[in-house]
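Each chain, letter by letter, is given below.
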Amino acid sequence: MSFSIKQHSLLRESRRPRAYTVLFPDPASPKGVRCDLAAGMVANVAVGAGVTVRNDFDDVPIFQRPIFNATWDAASGRWTDLVAIGDEAFRWHPFRDYREVVYRCTPFWYRIVPRSETGPALVSVADSPLEGYTLAPMFRNGQDYVYRPVFELAKDSDGLPHSRSGLKPICDIGTTVVMPLARSYDARARVESVFDWFSDSLLQLVEFATWDLHSLMSGQKSTYANTGSCIPKLSASSGCLGDGLAMAWRGKENAWKNTCSFLCDILIQKHIADDGSYTTTICHLPDMQYFDGLINEHYVEIAPYFSNVVSAQFAVGGFAMKNGVFYPCAEAKEGTAPKAYAYLNSQLAEKYPIMVGVGGNTMTNMLTSATPSSPFHWEAVQRMQGRETNFGGRLILDEA
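This section reports on the structure supplied with the text. (Residues numbered from 1 in each chain as written. Predicted model: local features only at pLDDT ≥ 70, side-chain atom pairs only at ≥ 80, totals over all residues. Heavy atoms only, no water.)

### Examining the nonpolar core
Okay, so step 1: Tyr20, Phe63, Val125, Trp197 and Tyr305 are the most contacted members of the largest nonpolar core, which has 79 residues in total.
Okay, so step 2: Looking at which element gives the most residues to this core, the answer is helix α3 (residues 194-208), with 8 residues.
Okay, so step 3: When sequence neighbours within four positions are dropped, the list of residues in contact with tyrosine 305 reads Ile268, Thr280, Thr281, Ile282, Pro328, Ala342, Leu344, Trp378 and Ala380. (Core = buried A, V, L, I, M, F, W, Y, C linked by side-chain atoms within 4.5 Å. Buried < 20%, exposed > 50% of the residue type's maximum accessible area, 1.4 Å probe, protein only. Helix = DSSP H or I, 4+ residues; strand = E, 2+ residues; numbered from the N terminus. Contact = heavy atoms within 4.5 Å.)

Set out below in structure tokens:
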């Protein structure tokens, strides 16, 4: 019995994993190769207001991030009264109490193949729990949506933090200003976690098939942009209004530009030896109810970070994962393309923890104007030094 060409093609198609995958076969290149369901897909971004482009991932539910107005009900711990963008009642700056602009995220599963010091070698996402795939950590289960803020955390006239357009994003000390401000909205409120950042990073790597997202859209560089500077004017799912102006990735305005987004569940511990040399250790807080701005007994040590760096920017050659925490693990060596740039400033005693923020611009971190901005940038600054005042955040409320 012989197969026809059509039957052989259908058989090959049936064996293709039902996942969207990108391979990074060459450590010397930041560019990946799309395969599985992502093979042949195109992901363009818009540059300019009202510009439309082709992005095949717009039709894939796990990449879609539809925008809504929603009201936070503290009593039930739920988002209520959702109104979708396009409805006549939708507002970019809602004035009702606890009414925000949010986007909806659909659960997805992921698989990563590590590669020592230059990895990962493969990143794959799927809309169902395939064998070897893990639920993205921003989701509690595989059934329920989660909602995230469209805009950066900013105070409105009521003195509370919000996700609304037309406001100036907060840029201050992450542990002592940004997190307490978020909690003034609701005791359960927080800002982005390493799991939120990682989950977004998975989709970004698969969608654009490169670590060099700066080459796709320069976006905001060196001036603070008020909330609502891009998304209300953008016709595409992702893009920027022009070189040096505000940008957006799907429902997330200034997804890796503008303020440096404080990761609330990561602190880095410094260990100083008798000879004055020191090492650092990434620590993770699994339960945010124990957050107090210091490394306490509830933190879990994850992995060593970079050592004996007083104040320096360096190219990151690889990322690794331990206990579900994704982190920069190695400097870029000769023959390895930089995947991001990291900044570490640690000049004080062990008692001052090192905070971590992601993204930012040339004003909110030590990236030079010639250094590509990136969602994968880690800004690690020891508390009680000047640069920790450059951290912002995003108001996140996890539903009960």
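From this point, the discussion proceeds with the structure in view.
### Description of the sheet that holds strand β13 (residues 238-240)
Okay, so step 1: Read across the sheet, 4 strands follow the order β3-β13-β14-β15 without closing on themselves; strand pairing throughout is mixed. With one partner strand each, in any of the chains shown, β3 (46-47) and β15 (252-253) form the two edges of the open sheet.
Okay, so step 2: Sheet topology places β13 next to strand β14 (residues 247-249); 3 bridges connect them, and they run antiparallel. Of the residues in β14, the one forming a bridge with glycine 239 is alanine 248.
Okay, so step 3: Against the sheet, α3 contacts β13, β14 and β15, and its axis sits at roughly 95° relative to β14. (Pairing = 2+ DSSP bridges. Axes fitted to C-alpha atoms, helices over the stretch in contact; angles between N-to-C directions.)

### Observations regarding the packing of aromatic side chains
Okay, so step 1: Overall, the coordinates contain 24 aromatic pairs when judged by the stated rule.
Okay, so step 2: In textbook terms, an aromatic cluster arises when at least three aromatic residues are bridged by ring pairs, as seen for Phe24, Tyr110, Trp197, Phe198, Trp211, Tyr305, Phe306, Phe314, Phe319, Phe326, Phe376 and Trp378.
Okay, so step 3: Directly above the aromatic system of tyrosine 145 lies the positively charged group of arginine 104, at a separation of 4.2 Å from the ring centroid.
Okay, so step 4: In this structure, lysine 270 is placed above the aromatic ring of tyrosine 278, and the distance from its NZ or CZ to the ring centre is 4.5 Å. (Phe/Tyr/Trp six-rings, centres within 6.5 Å; stacked < 30°, edge-to-face > 60°. Lys NZ or Arg CZ within 6 Å of the ring centre and 35° of its normal.)

### Concerning the side chain of glutamate 192
Okay, so step 1: In this structure, glutamate 192 sits in the loop between α2 (174-185) and α3.
Okay, so step 2: Of note is the side chain of glutamate 192, whose polar atom sits 2.5 Å from the side chain of serine 261.
Okay, so step 3: Setting aside residues up to four positions removed in sequence, glutamate 192 forms contacts with Asp200, Lys252, Ser261, Phe262, Leu263, Cys264, Arg394 and Ile396. (Polar contact = N/O pair within 3.5 Å; in protein donor to acceptor, adjacent residues only side chain to side chain.)

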